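Coordinate inspection notes
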Amino acid sequence: MQYWLMKSEPDEVSIDDVLAAPGHTVSWFGVRNYQARNFMRDAMRPGDGVLFYHSSCAQPGVAGLAEVASAAYPDATQFAAGGKYHDPKATPEQPRWSAVDVRALRKTRLLPLAEMRTIPALEDMLLLQKGSRLSITPVSAGQWNAIVKLLGAGAASLEGSDPRV
DNA sequence: GCCAACGTTGGC
DNA sequence: GCCAACGTTGGC
């Protein structure tokens, strides 16, 4: 079991959007960074915990808890000629980009980026490192537990009695 | 809108 | 393999 932080622009896909989707699940497509792709393709497993982070918005920060809901599969948008995510060098035989399904578990209070920066237990988070821009980053168990604690009782564990919405 | 920082591309 | 140019990210 591993933990991840995944960034989404709420104008595109917010935690509310995922909770409103069928099965509270969406396909995480459109990643076009090799490091982020490698995390999805090589390291993510169904059931991994996900901090759902809102980026490029007025109030950047962790907005909810989610989980990885599938193994990685080829991102279909890479094959769509004329589409925003088209990659002319990708073919169905030799796909370049991967996606996973992500299921929202619950919306939390917003944990602002500025607050995260003040918490000693989080100082090593990749998200907080200078110049870090990766849209998917691994989160340690200690960082996960510290954040879940900050977000309040009931969020303490993904394996809890009923953490789902 | 600004701009620092990073990733990718492509000429050489 | 180097590195300049360009594009993107994302906080502020």
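Whatever comes next refers back to the structure up there.
Read on for an overview of the structure.

Looking now at the protein's contact with DNA strand C. The environment of DNA strand C is formed by Lys-7, Tyr-53, Ser-55, Ser-56, Pro-60, Leu-113 and Arg-133. Across the atoms of DNA strand C situated within 4 Å of the protein, the share located in sugar and phosphate is 71%. Take Lys-7: an N or O atom from its side chain is 2.6 Å from a phosphate oxygen of DNA strand C. Between DNA strand C and the protein, one listed contact pairs a phosphate oxygen with a backbone N or O atom of Arg-133 at 2.5 Å. Classifying every residue of the surface near DNA strand C gives three nonpolar, two polar and two charged.

Non-glycine residue His-24 carries a positive phi angle of around 55 degrees. Take His-24: it is sitting in the loop between α1 (15–20) and β2 (25–28). Phi at Ser-56 is positive, roughly 50 degrees, even though this residue is not glycine. Positionally, Ser-56 belongs in the loop between β3 (49–54) and β4 (61–68).

So, about the protein's contact with DNA strand B. Every residue near DNA strand B is listed here: Asn-33, Tyr-34, Gln-35, Lys-130, Gly-131 and Arg-133. In DNA strand B, atoms within 4 Å of the protein come 75% from sugar and phosphate. Here a phosphate oxygen of DNA strand B and a side-chain polar atom of Lys-130 are 2.4 Å apart. Separating a base oxygen of DNA strand B from a side-chain N or O atom of Arg-133 is a distance of 2.6 Å. In terms of residue class, the surface near DNA strand B is built from one nonpolar, three polar and two charged.

Another point: the environment of Asp-75. Position of Asp-75 relative to the elements: it lies in the loop between β5 (73–74) and β6 (98–112). In this structure Asp-75 comes out as buried when scored by relative accessible area, which is 1%. Linking Asp-75 and Gly-142, residues 67 residues apart in sequence, is a C-alpha distance of 31 Å. Discounting chain neighbours no more than four positions away, the residues touching Asp-75 are Phe-29, Gly-30, Val-31, Arg-32, Trp-97, Ser-98 and Ala-99. A polar atom in the side chain of Asp-75 sits 2.8 Å from the backbone nitrogen of Gly-30. Here the side chain of Asp-75 touches Arg-32 through a polar contact of 3.0 Å, side chain to side chain.

Cut-offs used in this document
- Residues numbered from 1 in each chain as written.
- Chains lettered and ligands numbered in written order.
- Predicted model: local features only at pLDDT ≥ 70, side-chain atom pairs only at ≥ 80, totals over all residues.
- Heavy atoms only, no water.
- Near = heavy atom within 4 Å.
- Polar contact = N/O pair within 3.5 Å; in protein donor to acceptor, adjacent residues only side chain to side chain.
- Nonpolar A, V, L, I, M, F, W, Y, C, P; charged D, E, K, R; others polar.
- Helix = DSSP H or I, 4+ residues; strand = E, 2+ residues; numbered from the N terminus.
- Buried < 20%, exposed > 50% of the residue type's maximum accessible area, 1.4 Å probe, protein only.
- Contact = heavy atoms within 4.5 Å.

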